[in-house]
Amino acid sequence: MTRDVQDIVDLASRLLDHSALLEDRDFHLVAFHSQRPDIDLVRQRSILERGSSAEVRSWFEQFGIATAEGPVRTPPDPDRGTLGRLCFPVRWKGVTYGYLWVIDPDGSVSANPSIPEVAHLADEAGAVLAQRALGRLDVAILLEALLSPDLSRSLAAADELLERELVAAGEWVVVMEIRLEESRSAVPLNVWSLPRGVLATIRPGRATLVIRLADPSDLTLPRRVAAQVREHHESGPAAATERLLIGIGAPQPSVRAARTSHRQAVIGTRVARLGAGDAAVRWESLGPFRLLGSASEEDLAAALLDAPARRLLAHGDPELARTALVYLEEAGSIQRTTQRLGIHRQTAYYRLRRIAEITGLDLGNGEDRLSLHLALKLAPVLSSPPPSSVQ
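Residues numbered from 1 in each chain as written. Predicted model: local features only at pLDDT ≥ 70, side-chain atom pairs only at ≥ 80, totals over all residues. Heavy atoms only, no water.

Time to look at the nonpolar core. F88, L100, M176, I178 and L209 are the most contacted members of the largest nonpolar core, which totals 47 residues. In terms of residue count, helix 4 (residues 115-146) provides more of this core than any other element does, eight residues in total. Among all residues touching F88, those that are not within four sequence positions of it are L16, P71, Y99, L100, V102, I115, V118, A119 and A122. If you look at the next biggest cluster of nonpolar residues, it comprises 38 residues, including A250, W283, A301 and L376. (Core = buried A, V, L, I, M, F, W, Y, C linked by side-chain atoms within 4.5 Å. Buried < 20%, exposed > 50% of the residue type's maximum accessible area, 1.4 Å probe, protein only. Helix = DSSP H or I, 4+ residues; strand = E, 2+ residues; numbered from the N terminus. Contact = heavy atoms within 4.5 Å.)

Have a look at this one:
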């Protein structure tokens, strides 16, 4: 009977009487066992953050652990906060799937007679990780088909997910889309730490999760996963330069309707670009931005960005468009508009007169207000920017 990875790490730690941890080949934490209080800073961070930084990975890889056939001792490095370790490459059929680390501050582990047995456990872990990796790849392929625009392909994938009991019949699902704003680098997602009931497909710069829900009104699990991804991102080096965008669609009563939730989640990531933080954007909170799912960006731009709106957006003074948007958001209240903008009342009246002159709209007319409000609200996320000059 094949042991689980946690059982393998527990046994390795007891055999060598030292703390051990298992990481995948990307240095994501898979399992750990504390046999002694011999914990170093790198291991502590790996446990808390479920992974290691690129700098730490590079430092360890310089000792040839990725291609080694047997255990490799890595020296201590006080500057990095790491103790001496013994690394057992976790391999299967010539492919490295991870590393079994044993904390070895004084080098005594190397003389332990159980070393060959632990090396065998590392091979066993390699078989388990290989099987899991193939299983996740298989699931990822199914999810790609499930979320494809081809309805027949999507329904066939849904039926296979149900047949394989990866999702239960009548079970609600919600889709989460995770993207990096300007990059195609790896999304900060440790698949080993994902809770049960979460299926994932990961591509450069993005990840899509299908999350099973016991209760469609209880979104505790999606919120927990979103928080986990944000924490992982914020602890990494890319946090200062790359914004994380997270969109969450509405719960659907069947995996066969997951495409709907996915479209909504993608729209959420587009709207998230307008925000200042990394908060997840839910479909239910999008308001008029839901229109982004009703037509192509080009069609929406043609319908919403009419000549009056384009003239205002193309005007040389961006404060006019900003004033118009705030005024419309505040339902025409001069007092609330001036408070939000921090301007004098007479300045607000002057800007409103200029807005009326440029657009030719009557801001006291309901239809004019509605059309301008929608245009100004959605213009930032429409792909067709206003021309530099409008006649």
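Now that the structure is up, let's keep going.
A word on the pairing of strand 4 (residues 85-92). Most of strand 4 sits inside the fold, with seven of its eight residues counted as buried. Bridge count between strand 4 and strand 5 (residues 95-103): eight bridges; the pairing is antiparallel. Bridging across to strand 5, W92 finds its partner in V95. Counting the residues in the hairpin turn of strand 4 and strand 5 gives two residues, including K93, whose phi is positive at 50 degrees. (Pairing = 2+ DSSP bridges.)

Glancing now at a nonpolar patch on the surface. There is a patch of nonpolar side chains on the surface, built from L134, L137 and I141 and spanning about 310 Å² of accessible area. Summarising the element assignment, I141 is placed in helix 4. (Patch = residues over 30% accessible without salt bridge, like charges linked within 9 Å, V, L, I, M, F, W, Y side chains within 5 Å. Areas by Shrake-Rupley, 256 points an atom, 1.4 Å probe, with all protein chains shown as cover. Salt bridge = Lys/Arg side-chain N within 4 Å of Asp/Glu carboxyl O.)

Here the focus is the environment of Y350. Mapped onto the secondary structure, Y350 falls in helix 12 (residues 345-359). Residue Y350 is classed as partly exposed on the basis of its relative accessible area of 47%.

Attention shifts here to the packing of aromatic side chains. Throughout the structure, instances matching the rule amount to six aromatic pairs. Here W59 and F60 contribute two aromatic rings whose centre-to-centre distance is 5.1 Å and whose plane-to-plane angle is 75 degrees, an arrangement assigned as edge-to-face. The two residues W59 and F60 agree in class, both being buried. Ring centres of W59 and F63 lie 5.1 Å apart, and the angle between their planes is 80 degrees; this geometry places the pair in the edge-to-face category. Judged by its relative accessible area of 10%, W59 falls in the buried class. Here R85 stacks its cationic end above the ring of W101, 5.3 Å away from the centre of that ring. (Phe/Tyr/Trp six-rings, centres within 6.5 Å; stacked < 30°, edge-to-face > 60°. Lys NZ or Arg CZ within 6 Å of the ring centre and 35° of its normal.)

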